[in-house]
Amino acid sequence: MLTLADVQRNPYINTFIQRSKEALSFYHYTDHGFDHVNLVAKRAKELAKKIGLSNVEQELCAIAGFCHDMGNFIDRIDHEYWGALLFFEVFKNKMPPKDLGLVMQAIANHDNYKAKVLSPISAVLILADKSDVRRSRVIIKNKKLIQTDIHNRVNFAVTNNKFKADPKKKRITLQLEIDTDFVPVMEYFEIFTQRMVQCRRAAKFLDYKFGLIINNFKLL
Ligand SMILES: [Fe+2]
Ligand SMILES: [Fe+2]
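If you're wondering where the values come from, they're calculated on a predicted model, not measured in any experiment.

Draft legend 1. Representation of the packing of helix α3 (residues 34–50) against helix α7 (residues 120–130). With their axes 9 Å apart at the nearest point, α3 and α7 run at an angle of 130° to one another. Taken together, the axes of α3 and α7 are oblique relative to one another. Remark: the crossing between α3 and α7 carries right-handed chirality. Within the contact between the two elements, α3 uses Val40, Arg43, Ala44, Leu47 and Ala48 and α7 uses Val124, Leu125, Leu127, Ala128 and Asp129. Looking at the contact of α3 with α7 residue by residue, the class counts come to eight nonpolar, no polar and two charged.

Draft legend 2. Structural view of the nonpolar core. Ala44, Cys61, Ala64, Val103, Val124 and Leu127 are the most contacted members of the largest nonpolar core, which has 51 residues in total. Of all the secondary-structure elements, those providing two or more residues to this core are α1 (4–9), α2 (11–26), α3, α4 (55–67), α5 (79–91), α6 (97–109), α7 and α10 (185–205). The residues contacting alanine 64, other than those within four sequence positions of it, are Ala44, Val103, Ala106, Ile107, Ile121 and Leu125. If you look at the next biggest cluster of nonpolar residues, it comprises 12 residues, including Ile146, Ala157, Ile178 and Leu212.

Conventions and cut-offs
- Residues numbered from 1 in each chain as written.
- Chains lettered and ligands numbered in written order.
- Predicted model: local features only at pLDDT ≥ 70, side-chain atom pairs only at ≥ 80, totals over all residues.
- Axes fitted to C-alpha atoms, helices over the stretch in contact; angles between N-to-C directions.
- Helix = DSSP H or I, 4+ residues; strand = E, 2+ residues; numbered from the N terminus.
- Parallel < 35°, antiparallel > 145°, perpendicular 65-115°, else oblique.
- Left-handed = near helix turned anticlockwise from the far one by under 90°.
- Contact = placed C-beta atoms within 7 Å.
- Nonpolar A, V, L, I, M, F, W, Y, C, P; charged D, E, K, R; others polar.
- Core = buried A, V, L, I, M, F, W, Y, C linked by C-beta atoms within 7 Å.
- Buried ≥ 20, exposed ≤ 12 C-beta atoms within 10 Å, placed from the backbone.

So this is what it looks like as structure tokens:
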């Protein structure tokens, strides 16, 4: 079976992620490179394990997490589809077709808010990806420049991020600390409402509730 470690060693995948990181930093986007995809892969695998998915599914979640943003170097628009097709091209002879299809579908769905969540792999990837909001994702250092873009502003304001799943309470929780001197909590919602709705849908697919706590206020 193909493992996350195999995928992390693949020169094509590494090149696609590196190119994507460079392409998006050119536009002053938040980090979509190795820090982000390694964190998403780790979070996806931990979540998959915690909610009782099989060993194979845990590995598929981790692989999807590592590869989900690698289509960005072709184009930010539709990067989820580019990523899924690139994944097929690289691994078509190295994975069972069923597993390949599941990872492709999860990659393609991670940024498509209109699509239904159709597998636990997709659900886990959405939760692991959309919960990655943190100060260290902001690449640009100039504070004035950070202020001019809402994504950078909101990520910069997040000083602490905890993500956990409680299988007994059937609850997946994202707990954030936001520096409200930097952005008001409302701004977080301005750009993250859609993502949080998607997290709720993904959690629901897994038969869980999604909770959001900001500065100790329970918002969801
Ligand atoms: Fe993405
Ligand atoms: Fe991502």
